[in-house]
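# Summary of the model geometry
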Amino acid sequence: MSPHDDSRPEDRLDRLLSADLDGEIDSGDRAWLEERLARDPTARARLEAFARIDTGLRRLAEAPVGQERLAAMLADLHSRLEAETVGASDAAEKSPSDVAPVLGAGRFPVRPWASALAVAAAAAIAVLLLLPGSEDDSEAPAPSLEMVGIPADAMAPEGPASDRNTDAGLELDADLEEGLSVVLGYGEDPYAGDEPSIEDLEVIEQLDLLDFLSSRETAGRG
Amino acid sequence: MQTSDPDIRLMLAFRDGDESAFSDLYRRWAGPLLRYLERIVRERATAEELLQETFIRVHGARNRYSPDARFSTWLFRIGRNLALNELDRAHRRMPHYSTDAADSRDSSRPSLSLVSGGAPVDAIVEARRESDRMEARLAELPERQRTALWLAAVEGHPYAEIAEILQTSSKSVKALVHRARATLVERMGDSGRTSRPGDRAGRAAAAGASRSRVEVAAHPNGPEGSRGKEEG
């Protein structure tokens, strides 16, 4: 239903009564509402019920915000503004749009390793898309890495073919494997000596499983 | 936007180096903004912190301020965004939030009427209970409905300004406000659809709260309280 789908007469009445309470009703609607209120006691009762809600809301706003409290907060604000020099000014220079809420944040708790895994998956897909193409394609820059905040030069360089765990019997899987090996840096690992992460181990296990399945398939054919 | 608007004059003065204008803006708007933020985050301390942060943002953005819109629209938009970010952080810290908390708090509260000795105290207690119920029901509304209703019914913001704060259209604000009112009426157990039309208390409430021209026309004994603003 659209916001203004007055499929029920009560909906239109409610909408106009509400707008009327806020002084936001146009002349055409006002004529209709006047006529309705004049002849319909239920409509008048509805208006009164709406008005009681507004009265109740305004009572909530009557809870005093003490002037002394506000004065103390203003003094504290000035102190903070004076104390926060360069760093604070950088943060404060953010425009209102900089504090726009992050849509969806909080609805799906983000695990710390999820972004790394997502980047790895995106890069693997990108590599898969690039590999079957021409040489021009292979020299094309990896797409979307900049967009996810990973500088292109931070990616591990592609290692020599001999270092890759390829399987001639499963060409597609080999492509996938090659893409993942680029992501994981099996070749020239700039992070040599670092312990592999859990995500790395999970992907390695998947590659091992591929090897296992392919060997079983080969054995079965044999 | 006219520079006759006192808030815009103050903001422009502040932009030009008058620090006292910033303090004046704070004194004018800290109260309404704090009340609104409390409705969003439901914690006074958090609301106060968000209030301070909002004004810090205003202070920092003074050099880029342009009087394209009302100051209050800009201010409330910053405050709302900060509040929503805070709610997101709180949601991640606390995965389950029950809106029944207010109800359980109400039921666990000892009945003050047992220790009250006279009608005035009873009236105060009853008013307090009604306010607590209203606060709880208001908190159950979706945030956009809550914001739209609060800013329209309590703070008196025009729908067009609320639309800027919520980044939507005036028509959508109208729908949000009327849905919020209708929901609150139902949840407060006061639909009005079954009450007696001539109910004196209800009419008094309508008279006190309405800014309606229609209400005045329909009820000659009612007050004159219209803001005199029309749409279209």
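Residues numbered from 1 in each chain as written. Chains lettered and ligands numbered in written order. Predicted model: local features only at pLDDT ≥ 70, side-chain atom pairs only at ≥ 80, totals over all residues. Heavy atoms only, no water.

Below, the discussion takes up the overall build of chain A. Regarding its fold elements, chain A presents nine helices and zero strands. For chain A, the succession of helices and strands along the chain, N to C, is α-α-α-α-α-α-α-α-α. By the burial criterion, 32% of the 222 residues in chain A qualify as buried. (Helix = DSSP H or I, 4+ residues; strand = E, 2+ residues; numbered from the N terminus. Buried < 20%, exposed > 50% of the residue type's maximum accessible area, 1.4 Å probe, protein only.)

As a further point, take the overall build of chain B. For chain B, the helix and strand inventory stands at 11 helices and zero strands. The burial tally for chain B puts 49% of its 232 residues in the buried class. Contacts spanning at least 24 positions in sequence make up 60% of the contacts within chain B whose residues lie at least 6 apart. Only carbon and sulfur atoms are counted for the fraction: they give 50% of the accessible area of chain B, which is about 11,000 Å². (Contact = heavy atoms within 4.5 Å. Areas by Shrake-Rupley, 256 points an atom, 1.4 Å probe, with all protein chains shown as cover.)

So, about the nonpolar core. Among the nonpolar cores identified, the biggest contains 78 residues, and L57 of chain A together with L51, F55, F71, L149 and W150 of chain B are the most heavily contacted of them. Excluding residues within four positions of it along the chain, L51 of chain B makes contact with M73 of chain A together with Y26, A30, L33, L34 and L37 of chain B. (Core = buried A, V, L, I, M, F, W, Y, C linked by side-chain atoms within 4.5 Å.)

Residues and elements named next belong to chain B. One can find R77 in helix 4 (residues 71–93). A residue is classified by how much of its surface remains accessible, and R77, at 30% relative accessible area, is partly exposed. With residues up to four places along the chain from it excluded, the contact list for R77 reads E164, I165 and Q167.

Below, the discussion takes up the pattern of salt bridges. In the structure shown here, the tally under the stated rule is 24 salt bridges over all chains. The salt bridge involving D16 of chain B is made with R15 of chain B; its shortest N-O contact spans 3.9 Å. Looking at D16 of chain B, the relative accessible area reads 63%, which means it is exposed. Three or more residues joined by partner-sharing salt bridges are found here, namely R69 of chain A together with E38, R44 and E48 of chain B. (Salt bridge = Lys/Arg side-chain N within 4 Å of Asp/Glu carboxyl O.)

Our focus in this paragraph is helix 3 (residues 44–60) of chain B. Helix length check: helix 3 of chain B, at 17 residues, gives a terminal C-alpha distance of 24 Å against a target of 24 Å (1.5 Å per residue), a fit within 8%. Judged by how many residues are buried, helix 3 of chain B sits mostly within the fold: 13 of 17 residues are covered. (Expected span 1.5 Å × (residues − 1).)

With that out of the way, let us pick up the confidence of the model for chain A. In regions of low pLDDT, the predicted coordinates are not meant to be interpreted in detail. The share of residues in chain A with pLDDT of 70 or more is 37%, and the mean pLDDT across the chain is 63. Note on residues 102–110 of chain A: pLDDT under 50 across the span, and eight contacts to partners over four residues away in sequence or across chains. (pLDDT = per-residue confidence, 0-100.)

Residues and elements named next belong to chain B. Here helix 1 (residues 6–15) has its buried residues at D7, I8, L10, M11, L12 and F14. Capping the start of helix 1 is the job of one residue whose side-chain oxygen sits 2.8 Å from the backbone nitrogen of D7: D5. A positive phi of about 110 degrees marks G17, the residue just after helix 1. (Polar contact = N/O pair within 3.5 Å; in protein donor to acceptor, adjacent residues only side chain to side chain.)

Mean pLDDT over chain B: 78, with 70% of residues reaching 70 or higher. Overall, residues 213–232 of chain B carries pLDDT values under 50, and its contacts beyond four positions in sequence, including any with other chains, amount to 47 contacts.

Next up on the list: the side chain of R80 of chain B. Examined against the element boundaries, R80 of chain B turns out to sit in helix 4. Setting aside its immediate chain neighbours within four residues, R80 of chain B contacts Y36, E143, R144, T147, I165 and L166 of chain B.

All names here are of chain B. At their nearest, the axes of helix 2 (residues 19–41) and helix 7 (residues 143–154) sit 10 Å apart, and the two run at 155 degrees to each other. As the angle between them shows, helix 2 and helix 7 are arranged roughly antiparallel. At the point where helix 2 passes helix 7, the crossing takes the right-handed sense. On helix 7, the residues that touch R35, Y36, R39 and I40 of helix 2 are E143, R146, T147, W150 and L151. Residue classes in the contact of helix 2 with helix 7 are distributed as four nonpolar, one polar and four charged. (Axes fitted to C-alpha atoms, helices over the stretch in contact; angles between N-to-C directions. Parallel < 35°, antiparallel > 145°, perpendicular 65-115°, else oblique. Left-handed = near helix turned anticlockwise from the far one by under 90°. Nonpolar A, V, L, I, M, F, W, Y, C, P; charged D, E, K, R; others polar.)

A full pass over the atoms with the stated rule returns seven aromatic pairs over all chains. Connected via pairs of aromatic rings, a cluster forms that spans F14, F22, Y26 and F55 of chain B. Directly above the aromatic system of W32 of chain A lies the positively charged group of R12 of chain A, at a separation of 4.3 Å from the ring centroid. (Phe/Tyr/Trp six-rings, centres within 6.5 Å; stacked < 30°, edge-to-face > 60°. Lys NZ or Arg CZ within 6 Å of the ring centre and 35° of its normal.)

Here we come to the environment of R70 of chain B. All names here are of chain B. Relative to the assigned elements, R70 resides in the loop between helix 3 and helix 4. Overall, R70 belongs to the partly exposed group, its relative accessible area being 33%. Separated by 64 residues in the primary sequence, R70 and P6 have C-alpha atoms spaced 10.0 Å apart. At 2.5 Å, the side chain of R70 and the side chain of E161 are in polar contact.

All names here are of chain B. In this structure, R42 takes a positive phi of about 65 degrees despite not being glycine. On the secondary structure map, R42 appears in the loop between helix 2 and helix 3. Taking the relative accessible area as the measure of exposure, R42 reaches 30% and is therefore partly exposed. For Q167, which is not a glycine, the phi torsion comes out positive at approximately 55 degrees. Examined against the element boundaries, Q167 turns out to sit in the loop between helix 8 (159–166) and helix 9 (170–187).

All names here are of chain B. The geometry of helix 7 relative to helix 8 is characterised by a closest axis approach of 10 Å and an angle of 145 degrees between their N-to-C directions. Seen along the crossing, helix 7 lies across helix 8 with a hand that is right-handed. Contacts from R144, T147, A148, L151 and A152 of helix 7 reach helix 8 at Y159, I162, I165 and L166. Residue composition of the contact of helix 7 with helix 8, grouped by class: seven nonpolar, one polar and one charged.

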